[in-house]
Amino acid sequence: MGAMALLKIARLGHPILLARARPVPDPTAPEIRALAADLVETMRDASGIGLAAPQVHASLRLIVALPITDREGAREASPLVLVNPELEPLEETLEEAFEGCLSIPELRGLVPRVRRVGFRALDLEGRPLEGEAAGLFARILQHEVDHLDGILFPMRMRDLRSLAFESELARQRAAAAAEEVR
Ligand code: ZN
């Protein structure tokens with residue numbers, strides 16, 4: 001087995017991010033295992049909580065995601081590798097929360113997502129993998145599976161006025177907090 005590598009992340013404007021990715025024909029192929037390992041390493045290096053293969057210039061239906069309920073748990077969580085994932089919404093209500101994307105650095109926006117999804121995929125042994133996700137984990141899965149269909153989070157936003165630089169959001173939050181203690 002080769003050494004893991006950090007991969008270059010495609011950024012907004014690269015056409016691969018708008019393409020529909022192909023199914024992985026053989027999840028057990030050594031190159032798929034290597035790609036999955038590199039995705040995990042690249043995600044960790046960039047402090048991400050999910051990453052999809054098209055984001056590293058591989059137009060394949062493969063994602064990695066952290067099964068976490070809050071960002072604090074990111075460091076300890078072991079990443080889930082999903083090959084040819086499919087999602088099914090388990091409720092209809094949409095909930096808005098801020099999302100970012102390693103392919104759209106520094107920007108965040110409010111994105112509506114369902115709170116619970118069922119997922120079905122294959123693992124790297126080719127075995128079926130299924131489960132349910134809620135909250136942040138469900139949001140991560142929806143964001144990453146969107147990447148496989150060429151959909152980026154701003155395309156899901158209902159109101160582009162919430163699109164903002166992370167640093168500006170932090171400044172606004174700090175100002176609001178200061179206002180409260182006064
Ligand atoms: Zn993304």
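Residues numbered from 1 in each chain as written. Predicted model: local features only at pLDDT ≥ 70, side-chain atom pairs only at ≥ 80, totals over all residues. Heavy atoms only, no water.

A. Local environment of the nonpolar core. By size, the foremost hydrophobic cluster in this structure holds 39 residues, and its most contacted members are Leu-62 and Leu-141. With sequence-adjacent residues up to four places away left out, Leu-141 is seen in contact with Ile-63, Ala-65, Leu-82, Leu-87, Val-117, Phe-119 and Ala-133. (Core = buried A, V, L, I, M, F, W, Y, C linked by side-chain atoms within 4.5 Å. Buried < 20%, exposed > 50% of the residue type's maximum accessible area, 1.4 Å probe, protein only. Contact = heavy atoms within 4.5 Å.)

B. Main features of the pairing of strand β6 (residues 116–122). In this structure, strand β3 (residues 80–89) lies alongside β6, joined through five bridges in antiparallel fashion. Within the sheet, the bridge partner assigned to Glu-86 lies in β6 and is Arg-120. Note that β6 and strand β7 (residues 128–134) share seven bridges and pair antiparallel. Along β7, the bridge assignment pairs Phe-119 with Gly-131. What sits between β6 and β7 in their antiparallel hairpin is a turn of five residues, with Gly-126 showing a positive phi close to 85°. (Pairing = 2+ DSSP bridges. Helix = DSSP H or I, 4+ residues; strand = E, 2+ residues; numbered from the N terminus.)

C. Fine view of the side chain of Ser-162. Relative to the assigned elements, Ser-162 resides in the loop between α2 (135–148) and β8 (164–165). Among the polar contacts listed, one links the side chain of Ser-162 to the backbone nitrogen of Leu-110, at a separation of 3.0 Å. Once you skip the residues sitting within four places of it in the chain, Ser-162 turns out to touch Phe-98, Arg-108, Gly-109, Leu-110 and Met-157. (Polar contact = N/O pair within 3.5 Å; in protein donor to acceptor, adjacent residues only side chain to side chain.)

D. The arrangement of the coordination of the zinc ion in detail. Surrounding the zinc ion are the protein donor atoms Cys-101 (SG), His-143 (NE2) and His-147 (NE2), at 2.0 to 2.2 Å. Owing to a relative accessible area of 7%, His-143 belongs among the buried residues under this scheme. (Donors = N, O, S within 2.8 Å, 3.2 Å for Na, K, Ca; no water.)

E. The arrangement of the pattern of salt bridges in detail. Applying the stated criterion across every chain yields a total of 15 salt bridges. The partner of Asp-146 in a salt bridge is Arg-156, with the nearest N and O atoms 2.8 Å apart. Linking Asp-146 in helix α2 with Arg-156 in the loop between α2 and β8, this pair joins segments that are ten residues apart in sequence. Under the relative-accessibility criterion, Arg-156 is labelled partly exposed at 37%. Two residues, Arg-161 and Asp-159, come together in a salt bridge whose shortest N-O distance is 2.9 Å. Assessed through its relative accessible area of 32%, Asp-159 is described here as partly exposed. Each of Glu-99, Arg-113, Arg-139, Asp-146 and Arg-156 takes part in salt bridges that share partners, so that together they form one network. (Salt bridge = Lys/Arg side-chain N within 4 Å of Asp/Glu carboxyl O.)

F. Quick peek at the environment of Gly-100. Mapped onto the elements, Gly-100 comes out in the loop between β4 (94–99) and β5 (107–114). Remark: the alpha-carbon pair of Gly-100 and Leu-163, spanning 63 residues in sequence, is separated by 9.8 Å. If we ignore the near neighbours within four places in the chain, the residues touching Gly-100 are Leu-107, Arg-108, His-143 and Phe-153.

G. Unusual backbone geometry, seen in detail. In this structure, His-57 takes a positive phi of about 70° despite not being glycine. Structurally, His-57 can be placed in the loop between β1 (50–52) and β2 (62–65). You can call His-57 partly exposed: its relative accessible area is 35%. The phi angle at Glu-106 is positive, at roughly 75°, despite the residue not being glycine.

H. View of helix α1 (residues 30–45). The terminal C-alpha atoms of α1, which comprises 16 residues, lie 22 Å apart, in line with the 22 Å expected from a rise of 1.5 Å per residue. Three or more residues of α1 are buried, namely Ile-32, Leu-35, Ala-36, Asp-38, Leu-39, Val-40, Thr-42 and Met-43. Its buried side turned inward, α1 meets β1, β2 and β3. Note on α1: the residue one or two positions beyond its end, Ser-47, has a positive phi of about 55°. (Expected span 1.5 Å × (residues − 1).)

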